[in-house]
Amino acid sequence: MKKKIFLALLVVLLVIQFFPIKHENPDSPAEKDFIVSLGSEYPEAQKMIKDACYDCHSNNTVYPSYTRVQPLGWFIRSHIRGGRMKVNFSNWSDYSPKEKIHHLQECKEVLEENRMPMKSYTWMHPPSKLSKEQKQQLISFFEAAGSK
Ligand code: HEC
């Protein structure tokens, strides 16, 4: 009985490998991008946002090779789709001034509440792990940007 369950699981795992995820990165011009729009004024905050947020909140996702392994790829794709749906920094100029303020304030909140970057992500991407000081710096950046 146990052997049958194990074999069935193995077959399922093998079959799902035939349904890989597409490495989607919709085209978006640089002039629409949030980080680009900041120019060279906030190099540290810009780097942190790029390292810690852009894989899920932009159209410039770097897909590691393990995203080809299922069900891991589906799990990661759901985070990318969910993240882009909430805030997409690649389409920043499409947001209205009111939406921009709202997103910037939310960015501050998710950092304060330690909800972002997602734990499952920082675990696999050490450069996205922010120190206490970096997190504070980024919170201050979003706070200032969101109250302009
Ligand atoms: C591994 C993917 C991933 C990374 C990295 C990531 N996010 Fe997210 N983010 C998501 C997903 C998925 C959601 C939607 C589900 C949720 O709110 O938990 C989300 C939601 C959000 C929201 C909306 C919150 C709300 O209450 O609706 C904000 C704002 C946000 N992220 C900001 C950030 C910032 C800022 C960073 C970088 C410091 C970041 N995220 C890093 C995946 C990610």
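Everything below is about the structure shown above.
A quick note: this is a predicted structure, and the numbers were derived from the prediction, not measured.

### What to know about the nonpolar core
(1) Moving on: By size, the foremost hydrophobic cluster in this structure holds 22 residues, and its most contacted members are F34, I49, F89, W92, L138, F141 and F142.
(2) Moving on: Broken down by secondary-structure element, the contributors of at least two residues to this core are helix 2 (34-37), helix 3 (43-57), helix 5 (97-112) and helix 7 (132-145).
(3) Moving on: With 6 residues, helix 3 is the largest single contributor of residues to this core.

### Some details on the packing of helix 5 against helix 7
(1) Moving on: Where helix 5 contacts helix 7, the axes come no closer than 8 Å and their chain directions differ by 155 degrees. Between helix 5 and helix 7, the angle is such that the two are roughly antiparallel. Viewed along their axes, helix 5 and helix 7 form a crossing whose handedness is left-handed. Note on element contacts: helix 7 touches helix 5 through K135, L138, I139, F142, E143 and A145, opposite L104, C107, K108, L111 and E112.

### A look at the coordination of the iron atom of the ligand
By definition of the ideal shapes, four donors in a tetrahedron about a metal sit 109.5 degrees apart, and six donors in an octahedron sit 90 or 180 degrees apart.
(1) Moving on: In this structure, H57 (NE2) and M116 (SD) serve as the protein donors to the iron atom of the ligand, at separations of 2.0 to 2.3 Å.
(2) Moving on: Note that the iron atom of the ligand binds 6 donor atoms; their angles at the metal cover 79 to 178 degrees, and the shape is octahedral. Residue H57 is found in helix 3, and its partner M116 is found in the loop between helix 5 and helix 6 (119-124); the two are separated by 59 residues along the sequence.

### Let's talk about the site of the ligand
(1) Moving on: Near the ligand, the surroundings consist of 18 residues, among which C53, C56, H57, K86 and M116 are the closest.
(2) Moving on: Here a nitrogen atom of the ligand and a side-chain polar atom of H57 are 2.7 Å apart.
(3) Moving on: Looking at the shell around the ligand residue by residue, the class counts come to 11 nonpolar, 4 polar and 3 charged.

### Digging into the side chain of K108
(1) Moving on: As for its placement among the helices and strands, K108 is situated in helix 5.
(2) Moving on: Given a relative accessible area of 18%, K108 falls into the buried group.
(3) Moving on: Dropping the residues within four chain positions of it, K108 is found in contact with I139, F142 and E143.

### With respect to the packing of helix 3 against helix 4 (residues 72-86)
(1) Moving on: It is at 7 Å that the axes of helix 3 and helix 4 come closest, and there the two elements cross at 95 degrees. On the basis of the axis angle, helix 3 is roughly perpendicular to helix 4. On the side of helix 3, the interface is formed by D55, C56 and H57, while helix 4 contributes H79, I80, G83 and R84.
(2) Moving on: Along the lines of polarity and charge, the residues of the contact of helix 3 with helix 4 split into 2 nonpolar, 3 polar and 2 charged.

### Overview of helix 5
(1) Moving on: For helix 5, built from 16 residues, the straight-helix expectation of 22 Å at 1.5 Å per residue is met to within 8% by its first-to-last C-alpha distance of 23 Å.
(2) Moving on: Residues of helix 5 that are buried include every one of H103, L104, C107, K108, V110 and L111, and no others.
(3) Moving on: Of the residues trailing helix 5, N114 is marked for its positive phi of about 60 degrees.

### With respect to the environment of T67
(1) Moving on: Structurally, T67 can be placed in the loop between helix 3 and helix 4.
(2) Moving on: Residue T67 is classed as buried on the basis of its relative accessible area, which comes to 1%.
(3) Moving on: In the structure, T67 is positioned 44 residues away from H23 in sequence and 8.7 Å away in space, judged by C-alpha atoms.
(4) Moving on: If we ignore the near neighbours within four places in the chain, the residues touching T67 are I21, H23, G73 and I76.
(5) Moving on: Within the structure, T67 has its side chain in polar contact with the side chain of H23 (distance 3.0 Å).
(6) Moving on: In terms of polar contacts, T67 uses its side chain to reach the backbone carbonyl oxygen of P64, at 2.6 Å.

What counts as what
Residues numbered from 1 in each chain as written. Predicted model: local features only at pLDDT ≥ 70, side-chain atom pairs only at ≥ 80, totals over all residues. Heavy atoms only, no water. Core = buried A, V, L, I, M, F, W, Y, C linked by side-chain atoms within 4.5 Å. Buried < 20%, exposed > 50% of the residue type's maximum accessible area, 1.4 Å probe, protein only. Helix = DSSP H or I, 4+ residues; strand = E, 2+ residues; numbered from the N terminus. Axes fitted to C-alpha atoms, helices over the stretch in contact; angles between N-to-C directions. Parallel < 35°, antiparallel > 145°, perpendicular 65-115°, else oblique. Left-handed = near helix turned anticlockwise from the far one by under 90°. Contact = heavy atoms within 4.5 Å. Donors = N, O, S within 2.8 Å, 3.2 Å for Na, K, Ca; no water. Tetrahedral: all angles 85-135°; square planar, octahedral: opposite > 155°, others 65-115°. Near = heavy atom within 4 Å. Polar contact = N/O pair within 3.5 Å; in protein donor to acceptor, adjacent residues only side chain to side chain. Nonpolar A, V, L, I, M, F, W, Y, C, P; charged D, E, K, R; others polar. Expected span 1.5 Å × (residues − 1).

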